[in-house]
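Observations on chain architecture
Residues per chain are reported as follows:
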Amino acid sequence: MSTITMGEQPIYSTRAHVFQIDPNTKKNWLPTSKHAVTVSYFYDSTRNVYRIISLDGTKAIINSTISPNMTFTKTSQKFGQWADSRANTVYGLGFSTEHHLAKFAEKFAEYKEAARLAKEKSQEKDMATSPSQESPAGELSSPLTPLTPPMETINGTDDICDSTPNSDSRPEPSQNALAFTHSPAMTKHWEAELDALKGNNAKLTAALLESTANVKQWKQQLAAYQEEAERLHKRVTELECQSSQSPAIKSQKTELNQTIEELENTLRDKEEEMEKLKEELENMNDLMEQKDTLTQKLEETDLRSRVLEEQLAGAEQRLEENQEEQENFRKSLRTLLEMLDGKIFELTELRDTLARLIEEAS
């Protein structure tokens, strides 16, 4: 099955080295192409979507659909990256010049905005044609990176687009990420906390969108029911004002009264459902506040971790200096011992000489 569909057309192409984040460490880059390959933006007119596609021979090494919540980040003069929650990975591109990187980032922002406008138009169309259906929740995003494990900021290198991308030209993880590996237990703990926060945030966002859509739907239905009830009340009043009431009119009045009672019962039920939805919204607001509190604690812990890492680095430096001073002191002691041994040897010879002289004199 072809990666590029019949309705898709390339709208911009460039060449770059392609990388993906290591799925095991979530910190290192893995090259997916041995050399620079063509990276293209495609537009699907039938589905009104934009995609980034790159092929290495017949193998698709990039197949990423641009969504409004994506962000392309320049991490160095010639390297940029973006996270794709659908593919559950982070893509990195190394360019030969800063101009190529800037042009690619400009196109990314342009097509991202176009995707956002297309999505809004599609949602408005769905709301207009099917008001009784729930509006789509859309893709969920988290302030701490959606659907993917927490990843350290990646720094690219200026020589990333040489003829052969060796280990020296790959972008390396930041120094903070490498220093944080001194405490693997704390890293695992906060990664688990972060994953839990992301999951809760996704669920809360989906529930909030669903509840908001339901509230709008119930409001529309309530307004329609109220209009119908008022119309029926007016009809009943008109029938009562008529001078003579035939059996047919009485029967019609009875039916209208029953319909009014049913509508009033339906209104009460809908009002109870709206009260329940309001309670659910209040509960979700409490959960969102808890999420914000946990996020703040995570940031504070990360700050304390960096402070501890700096203190550890200072302590290690002082330890090395103390060890060097001790080594110099040992060398000085060895020198003094050697000098002392020489003096003792000279004194021994002097004593032996004096002893011989005394013996010869006697």
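Just above, that's the structure.
So, here's what we can say about the structure. (Residues numbered from 1 in each chain as written. Predicted model: local features only at pLDDT ≥ 70, side-chain atom pairs only at ≥ 80, totals over all residues. Heavy atoms only, no water.)

A closer look at the overall build of the protein
- Looking only at helices and strands, the protein features four helices and 10 strands.
- When the elements of the protein are put in sequence order from the N terminus, they spell out β-β-β-β-β-β-β-β-α-β-β-α-α-α.
- Evaluated residue by residue, the protein yields a buried proportion of 29% over its 362 residues.
- Taking all contacts inside the protein whose residues are at least 6 apart in sequence as the whole, residues at least 24 apart take part in 62%. (Helix = DSSP H or I, 4+ residues; strand = E, 2+ residues; numbered from the N terminus. Buried < 20%, exposed > 50% of the residue type's maximum accessible area, 1.4 Å probe, protein only. Contact = heavy atoms within 4.5 Å.)

Overview of the pattern of salt bridges
- Counted by the stated rule, this structure contains 10 salt bridges.
- Among the ionic pairs, E120 bridges to R116, the shortest N-O distance being 2.6 Å. Pair noted here: E120 and R116 are both in helix 1 (residues 98-129), with a separation of four residues, about one helical turn.
- A relative accessible area of 34% places E120 in the partly exposed class.
- Note that R306 is salt-bridged to D302, the shortest N-O span being 2.2 Å. A residue pair is termed a helical-turn pair when its members lie 3 or 4 positions apart in one helix, as R306 and D302 do in helix 4 (residues 247-361) at four residues.
- Overall, the relative accessible area of 31% leaves R306 in the partly exposed class.
- Linked through salt bridges whose partners overlap, the residues forming this network are E113, R116 and E120. (Salt bridge = Lys/Arg side-chain N within 4 Å of Asp/Glu carboxyl O.)

Regarding unusual backbone geometry
- Of note in the backbone geometry, K26 takes a positive phi value of approximately 60° without being a glycine.
- Mapped onto the fold, K26 is located in the loop between strand 1 (8-21) and strand 2 (29-31).
- Residue class for K26 comes out buried when judged on its relative accessible area of 13%.

Some details on a nonpolar patch on the surface
- On the surface, F329, L333, L336 and M339 cluster together to form a nonpolar patch covering roughly 430 Å² of accessible area.
- With respect to the helices and strands, the residue F329 is situated in helix 4. (Patch = residues over 30% accessible without salt bridge, like charges linked within 9 Å, V, L, I, M, F, W, Y side chains within 5 Å. Areas by Shrake-Rupley, 256 points an atom, 1.4 Å probe, with all protein chains shown as cover.)

Structural notes on a negative patch on the surface
- On the surface, E210, D269, E271, E272, E275, E279, E280, E282, D286 and E289 cluster together into a patch of negative charge.
- By residue number, the principal contributor to the negative patch is helix 4, which donates nine residues.
- Checked against the element boundaries, D269 lands in helix 4.
- Given the relative accessible area of 42%, D269 is considered partly exposed. (Lys, Arg positive; Asp, Glu negative; His and termini not counted. Charge placed at Lys NZ, Arg CZ, Asp CG, Glu CD.)

Focus: the pairing of strand 5 (residues 59-65)
- Across six bridges, the pairing between strand 4 (residues 49-56) and strand 5 is antiparallel. Paired with R51 across the bridge in strand 5 is T65.
- Taking the residues that link successive antiparallel strands as the turn, the strand 4-strand 5 hairpin has two residues, and the phi of G57 there is positive, at about 75°. (Pairing = 2+ DSSP bridges.)

Quick notes on the packing of aromatic side chains
- Scanning the entire structure with this criterion turns up 14 aromatic pairs.
- Ring centres of Y12 and Y41 lie 6.2 Å apart, and the angle between their planes is 40°; this geometry places the pair in the tilted category. Taken together, the positions of Y12 in strand 1 and Y41 in strand 3 (residues 37-44) put the pair 29 residues apart, joining distant regions of the chain.
- A residue is classified by how much of its surface remains accessible, and Y12, at 16% relative accessible area, is buried.
- Considering the side-chain rings of W82 and F108, the 6.1 Å spacing of their centres and the 50° angle between planes classify their relative orientation as tilted. Of this pair, W82 sits in strand 7 (residues 79-84) while F108 sits in helix 1, and the two are 26 residues apart along the sequence. The residues W82 and F108 share a single accessibility class, namely buried. (Phe/Tyr/Trp six-rings, centres within 6.5 Å; stacked < 30°, edge-to-face > 60°.)

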